[in-house]
Amino acid sequence: MPQTKIIVLDDDPTGSQTVHSCLLLTRWDTATLKEALADAAPLFFILTNTRGADSRRAADITRTVCRNLKTALAGQDIRPIFVSRSDSTLRGHYPVETDVIAEELGPFDAHFLVPAFFEGGRRTRASVHYLRTDGGDIPVHQTEFARDSVFGYRHSYLPDYVEEKTNGRTKAGDVVRFQLDDIRRGVLDRLLTLQDNVCVAVDAENQSDLDRFAADLLKAVNQGKRFMFRSAASLLTSLAQLPAQPVPAEHMGQLVRAGATGAVIVGSHVPKTTRQLEALLKEPGIFPIQVDIMRLPEERTSLLKELLTEAKSAHKRGETLVVYTSRAERVFSDATMRLAFGEQISAFLMDVVSGLPATISFLISKGGITSNDVLSTGLNLRMARLLGQIFPGVSVVRCPHDHPRYPDLPVVIFPGNVGDDRALVTVMERLRTRTTDHPPKAKA
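Draft legend 1. Expanded view of the sheet that holds strand β6 (residues 122-125). The three strands are arranged β6-β7-β8 in an open sheet whose pairing can be described as antiparallel. Bordering the open sheet on either side are β6 and β8 (136-139), each of which pairs with just one other strand. Along the sheet, successive strands turn relative to each other by an average axial angle of 40°, direction set aside. Sheet topology places β6 next to strand β7 (residues 128-133); four bridges connect them, and they run antiparallel. When the sheet's bridge partners are listed, T124 is paired in β7 with H129.

Draft legend 2. Broad picture of helix α3 (residues 96-105). Taken residue by residue, α3 has E97, T98, V100, I101, E104 and L105 as its buried positions. Along the axis of α3, the buried residues cluster in a sector spanning 160°; they form a single face. Residues of α3 that are buried make contact with β1 (3-10), α2 (55-73), β4 (78-85) and β11 (227-231).

Draft legend 3. Looking closely at the side chain of K5. Relative to the helices and strands, K5 is located in strand β1. Of the side chains bearing the opposite charge, D39 lies closest to the buried K5, which forms no salt bridge; the N-O distance is 5.6 Å. A distance of 2.7 Å separates a polar side-chain atom of K5 from the backbone oxygen of D39. Among the polar contacts listed, one links the side chain of K5 to the backbone oxygen of A41, at a separation of 2.7 Å.

Draft legend 4. Just the side chain of T62, in detail. Residue position: T62 is located in helix α2. We classify T62 as buried; its relative accessible area is 2%. Residues contacting T62, with those up to four places away along its chain left out, are L9, T50, E97, V100 and I101.

Draft legend 5. Just unusual backbone geometry, in detail. Residues G106 and P107 are joined by a peptide bond in cis, for which omega reads 5°. As for its placement among the helices and strands, P107 is situated in the loop between α3 and β5 (110-114). At the junction of L296 and P297, the peptide bond is cis and its omega measures out at 0° in the coordinates. Along the chain, P297 falls in the loop between β13 (286-291) and α10 (300-316).

Draft legend 6. Geometry of the nonpolar core. Core analysis: the largest hydrophobic core is formed by 74 residues, its most contacted members being F112, L191, F213, F227, L356, L363 and L379. If sequence neighbours within four positions are ignored, L356 has contacts with A263, I265, L308, A311, L321, L363, R405 and Y406. Counting 31 residues, the second largest nonpolar core, distinct from the first, contains L277, V322, I364 and I390.

Draft legend 7. The arrangement of the pairing of β5 in detail. With five of five residues buried, β5 lies mostly within the body of the structure. Neither face of β5 is open: one carries A110, F112 and V114, the other H111 and L113, and all of them are buried. The sheet contact formed by β5 and strand β10 (residues 198-202) spans four bridges and is parallel. Following the sheet pairing, A110 is matched in β10 by V198. Across five bridges, the pairing between β5 and β11 is parallel. Across the sheet, the residue bridging to H111 is M228, located in β11.

Draft legend 8. Representation of α10 within the structure. Over its 17 residues, α10 runs 25 Å from end to end, which matches the ideal 24 Å to within 8%, given 1.5 Å per residue. Along α10, the residues that are buried comprise L303, L304, L307, A311, A314 and H315. Looking down the long axis of α10, one finds its buried residues gathered within 100° of arc, a one-sided arrangement. Among the exposed residues of α10, those oriented more than 90 degrees off its buried face are T301, K305 and K316.

Draft legend 9. Structural context of the pairing of β7. In this structure, the hairpin formed by β6 and β7 is closed by a connection of two residues, where A126 is found at a positive phi of approximately 50°. Across four bridges, β7 lies against β8 in antiparallel orientation. The residue of β8 that forms the bridge with T133 is G136. Adjacent in sequence and paired antiparallel, β7 and β8 are bridged by two residues.

How each quantity is defined
Residues numbered from 1 in each chain as written. Predicted model: local features only at pLDDT ≥ 70, side-chain atom pairs only at ≥ 80, totals over all residues. Heavy atoms only, no water. Pairing = 2+ DSSP bridges. Helix = DSSP H or I, 4+ residues; strand = E, 2+ residues; numbered from the N terminus. Axes fitted to C-alpha atoms, helices over the stretch in contact; angles between N-to-C directions. Buried < 20%, exposed > 50% of the residue type's maximum accessible area, 1.4 Å probe, protein only. Arc of directions from axis to C-beta. Contact = heavy atoms within 4.5 Å. Lys, Arg positive; Asp, Glu negative; His and termini not counted. Salt bridge = Lys/Arg side-chain N within 4 Å of Asp/Glu carboxyl O. Polar contact = N/O pair within 3.5 Å; in protein donor to acceptor, adjacent residues only side chain to side chain. Core = buried A, V, L, I, M, F, W, Y, C linked by side-chain atoms within 4.5 Å. Expected span 1.5 Å × (residues − 1).

None of this, on its own, says anything about what the molecule does.
Pasting the structure below:
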């Protein structure tokens, strides 16, 4: 019987926010992919970071990953399940990435849209995707996320969303709908009839809905059906069927290196992040360092020197560093220019990360694209082992023991659009709460 391996192409590093004990890859050469395929965990993530790229570059990256995967999988007794993991608020390069995956790794009988992410209050019913707020469930097209300058959209009803994003190539009426009653009765018979990479919109209001759906999916896969998924994180929980994480969220402080003075890097600009940042800056022992993005790129060198000098002094005083970009966004004439400037900001923040005091005890990275760059560039990690979540939807990895600058440093991957207004404060408090338990050894 072939081994089933869930292979996730993640467009930023936050898609692992509901699982644990697996590898996150920031490189996708064939040797690294083979190492991940041989790992004991039932799934692994390839951090493509394509949400921070334009559509052409996203397609090129995805194609390279797929071709290397095809080579790595050749001759192995593995039944792969491919997941294109993206944002639960429907932002991202759809259908660019799923089209490339279908071309390179297909044919598939169907691809499924499963944007539910319960930890973040995202649910789908009657094929309409909602975001839960204090005022109730709001269709996502009425939220700030739908007004994204790069990935904006007009529809929360998933069949209409598909028609919009495919520019009419796939009509809303051709999208198959798996509604809540269907899922709860069981959809195995319908799964077995799907063919020609039909698009299927999937409802889910709670984890048990996806558990039931995943059980039917795996039965269909075992009977030879080939499926691909465009999903948020909650589906992965049901597919992977992992036990409880080794270190509970409230005990993550045991992973902190000697001392309790860490650093926080905030790149995300969504309003939720700004509110969380404002709450954190009111806490005692915090030293704020604002990156004035209006000085970039012209004053890059002098600005970097100033910030690192401030960081070194504050760290010596025992203060936790909070480095954040100025909240005002620059206005650009098109999305390409905006993405390019975003890359300049991220590159600057990564120089800050690599220049932080080597004795920081933890690092929190706020924002998906920022977090990807922290792992791949700021910390120069080829892969990292995911330890679990410190807060719903907020993951922790750790630098390997032999890291040249930050050995065993715990790194928090904190999405921009997750948590209440005090979520950053809560994570900080958990990291500052040390226990006497001996922390587990880093595996990668």
